[in-house]
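# Structural features, examined
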Amino acid sequence: MHLMASKPQALNSIGPMRAFASNSKKVSTELIEINEVLMGFNQYYTEYYKQLSDTWTDAQKKVNLKAPEVPHDVEQIEAFKRIWIDIFDNDFTELFDSEKFGENYGKLVSKELELTKHWNNITNVILQSVNLPSKEEIDEVYKEIHTLKKRVGKLELELKKKEMKKIGRAHV
C-alpha cells in the first residue's frame, strides 16, 4: 500500500477509485448536459419572474390611479384594500390563465425535471462506483418494508381478535 501511496496515479487502478475513474466519462457527460439544460431553465425562470413583476407593476399602477389619496380612516382603508385585492386578483388571474404564462411555466417545470434527472444519474453513477445501492433500489426496499409493516399489523390485529374470542369463550 505504501508503494501505491507514493504513486497517486496508481490509486485510480484500485477499489472504488477504479470504478469511479471508469464512470467519470458518464459524470462528465451528465455535467455537460446539465449546463445546457440550466441555460434553458434560467431563460424560462427569468421570463417567469418578468411576467410576475410586470403584472405586479401594472396592477399597482391601476390601484394608484383608482385610489390616489392616502386613506385617513378605517372606511377608507377598507375601501383601499378592496380595490387593491380586486385589481390584483383580476390581473394575476388573467396572467395565470394566459397561454403565454402557461407555456413558459410548463417549460420551466420541464427543465427542472430534466435537471433532477441528470443529478439522479450522477448520484447513481457515484453510488455504483462505491458499490452502494441506487436510490431506486433503496426506494424499492422501503416500499417492501412498508408493505410488510402493513401485513404484520393486520396479522397482529387478527391474532388479537382470535385471543379475545378465546378469552370470551373461556369465561362463558
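Refer to the structure above for everything that follows.
Residues numbered from 1 in each chain as written. Predicted model: local features only at pLDDT ≥ 70, side-chain atom pairs only at ≥ 80, totals over all residues. Heavy atoms only, no water.

## Structural notes on helix H3 (residues 74–97)
Going by this rule: Think of it this way: any DSSP run of H or I at least four residues long counts as a helix, any run of E at least two long counts as a strand, and we number them from the N terminus. One fewer than the residue count of a helix, multiplied by 1.5 Å, yields its expected span. Burial here depends on accessible area, computed with a 1.4 Å probe over protein chains only, as a share of the maximum for the residue type. Under 20% is buried, over 50% is exposed, and the range in between is partly exposed.
Its 24 residues place the ends of H3 34 Å apart at the C-alpha level, agreeing with the 34 Å of an ideal helix rising 1.5 Å per residue. Ile87, Phe88, Asp91, Phe92 and Leu95 are the residues of H3 that are buried.

## Points about the pattern of salt bridges
Applicable threshold: One speaks of a salt bridge when a side-chain nitrogen belonging to Lys or Arg is within 4 Å of a carboxyl oxygen belonging to Asp or Glu.
Going through the model one piece at a time under the given rule, you end up with 7 salt bridges. Between Lys50 and Asp54 there is a salt bridge whose closest N-O contact spans 2.8 Å. In this pair, Lys50 and Asp54 are both assigned in helix H2 (residues 15–66), 4 residues apart and thus about one turn of the helix distant. Lys50 sits in the partly exposed class, given a relative accessible area of 45%. Residue classification places Asp54 among the partly exposed positions, given a relative accessible area of 34%. A salt bridge links Asp139 to Lys135; the shortest N-O distance between them is 2.9 Å. With Asp139 and Lys135 both in helix H5 (residues 135–171), this residue pair falls 4 residues apart, about one helical turn. Since its relative accessible area comes to 37%, Asp139 is described here as partly exposed.

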